[in-house]
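# Overview (structure and organization)
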Amino acid sequence: MKKLILSLLLPLNLLAQTDTSSFDQKMQWFNDAKLGIFIHWGIYSVNGISESWSFYNEYISHEDYLNQKNGFDCSEYDPEYWATIIKESGAKYAVITTKHHDGFALWDSKYGNLNAVRNSPAKKDLLRPFVTALRKKDLKTGFYYSLPDWSFKDYTHHTKSQKRYKIKEDPQRWKRFLNYSDNQLLELKNKYDPDLWWFDGDWEHNEEEWEIDKIKSMLSKDRTDVIFNSRLKGKGDYETPEIGIPVYKPKSKFWELCMTMNDSWGFQHNDKNYKSPQQVIDIFVDCISKGGNLLLDIGPKADGSIPEEQVHILKELGKWTSKHKEAVYETNSGIPYEYFYGPTALSKDSSILYLYLRDIPKDNKVLLKGIKNKINRIYVVGNGTILSHNVFCKVYWNAYPGITYIGVPQNVLDDYYTVLAVYLDGKINLYDKYNAAIESN
Ligand code: GLC
């Protein structure tokens, strides 16, 4: 009996292991990427009002909202430039709104009747050249797709006070809607084959109503490595906190913070409340130190040009990421703040500890506590200067590893974040005991 149970358990156990490791393998490029660029582009950029929500919340009528399509000319749209500037920022992937909650599709969809080709002076498929440009630059392609479509006649919700129907009352009508969105999703999959699906708007229905499992299996067919965000009632591959950097490291293994550069996802003429490059990098470093990604949003104008403030942020970010490559990509989350008063990250093999210094260190020194390893070398990332360090409070009669003071002269400081690479004699080993008085003699 015991044997039988064992033989039954063994393959199951093995299977579970393979599953985890193949999941990790699938997530590897995403986990190593650290930076992605989100793009909210649609007819809302014409008047510069909030994407879809402006009519849903009844600030303007649906008709006036849709009339913006006549101004969506995309005359300056330069997808090669978009891909170039995205690459320059140091991002490894981009996620573009193929269709927001307003239902306006950026591609030549055979389904529905709102798209850039048929219903705007752009008169072209805006996705194809962008996807091609991204791939040419070895950037991964992510598609944002809104589950709700507030303009579509068979969708349940239209505006906050106008609901068309309840699914229970007319399940056939809901089927017609699902049929339409499944067709659009299949069309996107077959035409462009994205590497990542970024769903949004799942709050309006439950898992069964959306038919989440069906969507996932349909889009994973012949593409088992495709990645899904978790706005599929949680049934995705990674968590997507929004706007604010999580105070605590998110629980799930993979996560991505999506964030605006100012206060808007799409282009808004009046919104000049941009974060400075320093503030964007503050948030980015926080993501890296907590083992996550930053998906930083840009909102191109209706003519397809990218606002200069946004280009500026991308370029400054690019200067920092290219100088600090080794401390950005392929890193894991760092050590607790008890050991270092600031963000940190670890190399994949945990033998290099990266310390991110935002401010000018007092007395030209920073301190690190409780590292049991021998420190082989410390240098300034992207600069190469070797730094000296001293250990204090290390006595031979207990195991407490002491406090390490690292000298950081002013001349090595970066404009945004200086990064120190602390090379350890092996995998990091943290002292995690309460100090005893005398442990040996
Ligand atoms: C929210 C909003 C949407 C925006 C998205 C980005 O879900 O509904 O307008 O596109 O966040 O994460």
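Residues numbered from 1 in each chain as written. Predicted model: local features only at pLDDT ≥ 70, side-chain atom pairs only at ≥ 80, totals over all residues. Heavy atoms only, no water.

Below, the discussion takes up the sheet that holds strand β13 (residues 389-392). An order of β11-β14-β13 is seen for the three strands of this open sheet, with the pairing classed as antiparallel. Strand pairing shows two members of the sheet lacking a second neighbour, β11 (365-369) and β13, which therefore form its edges. When the angles between neighbouring strand axes are averaged without regard to direction, this sheet yields 25°. As paired strands, β13 and strand β14 (residues 403-407) are joined by four bridges and run antiparallel to one another. Considered in β14, the bridge of His389 is made with Ile406. (Pairing = 2+ DSSP bridges. Helix = DSSP H or I, 4+ residues; strand = E, 2+ residues; numbered from the N terminus. Axes fitted to C-alpha atoms, helices over the stretch in contact; angles between N-to-C directions.)

Of all residues adjacent to the ligand, which total 14 residues, the nearest are His40, Glu51, Trp53, His100 and Asp200. Contacts to the ligand include His40, whose side-chain N or O atom sits 2.6 Å from an oxygen atom. Relative to its unbound accessible surface of 310 Å², the ligand loses 94% to contact with the protein. Split into classes, the residues belonging to the shell around the ligand amount to seven nonpolar, three polar and four charged. (Near = heavy atom within 4 Å. Polar contact = N/O pair within 3.5 Å; in protein donor to acceptor, adjacent residues only side chain to side chain. Areas by Shrake-Rupley, 256 points an atom, 1.4 Å probe, with all protein chains shown as cover. Nonpolar A, V, L, I, M, F, W, Y, C, P; charged D, E, K, R; others polar.)

Now for the sheet that holds strand β6 (residues 256-259). Spatial strand order, β5-β4-β3-β2-β1-β7-β6: seven strands in an open sheet with parallel pairing. Edge positions in the sheet fall to β5 (227-228) and β6, since each has one partner strand and no second. Taken together, the five bridges between strand β3 (residues 140-146) and strand β4 (residues 196-200) define a ladder with parallel strand orientation. If you follow Ser146 over to β4, its bridge partner there is Asp200. Lying over the sheet, helix α8 (residues 171-192) contacts β2 (93-99), β3 and β4, oriented at roughly 170° with respect to β3. (Contact = heavy atoms within 4.5 Å.)

Our next topic: unusual backbone geometry. You will see that Lys34, though not glycine, has its phi angle at about 65°, which is positive. Look at Lys34 and you get buried, because its relative accessible area is 0%. Backbone geometry at Lys123 places phi at a positive 50°, although glycine is not the residue there. (Buried < 20%, exposed > 50% of the residue type's maximum accessible area, 1.4 Å probe, protein only.)

A few words now on the domain arrangement of the chain. Here the chain is partitioned into domain 1 (27-323) and domain 2 (331-424). Its C-alpha centre places domain 1 at a distance of 38 Å from the equivalent point of domain 2. Between domain 1 and domain 2, the contact holds 17 residues from the first and 18 residues from the second. Summing both sides of the interface, domain 1 and domain 2 together bury roughly 1,500 Å²; the carbon and sulfur share of this comes to 50%. A per-residue breakdown of the area domain 1 buries against domain 2 is headed by Gln278, Trp320 and Lys323, which together make up 38% of the total. (Domains from an automatic or database assignment. Buried area = accessible area lost by both parts, 1.4 Å probe.)

Interaxial distance between helix α7 (residues 127-136) and α8 falls to 11 Å at its minimum, and their mutual angle equals 45°. When the axis of α7 is compared with that of α8, the two are oblique. The crossing of α7 and α8 is right-handed. Along the contact surface, α7 presents Leu127, Arg128, Val131 and Arg135, while α8 presents Leu188, Lys191 and Tyr192. Looking at the contact of α7 with α8 residue by residue, the class counts come to four nonpolar, no polar and three charged. (Parallel < 35°, antiparallel > 145°, perpendicular 65-115°, else oblique. Left-handed = near helix turned anticlockwise from the far one by under 90°.)

Okay, the nonpolar core next. Ile39, Phe199, Trp320 and Tyr356 are the most contacted members of the largest nonpolar core, which has 95 residues in total. Non-local contacts of Phe199, meaning those with residues more than four positions away in its chain, are made with Tyr145, Leu147, Leu185, Ile215, Leu219, Phe228, Asn229, Arg231 and Leu232. Tyr339, Phe340, Ile378 and Leu387 belong to the second-largest nonpolar core, a separate cluster that totals 21 residues. (Core = buried A, V, L, I, M, F, W, Y, C linked by side-chain atoms within 4.5 Å.)

This part takes up the pairing of β2. In terms of burial, β2 is a largely internal element, seven of the seven residues being buried. Sheet topology places strand β1 (residues 35-39) next to β2; four bridges connect them, and they run parallel. Considered in β2, the bridge of Phe38 is made with Val95.

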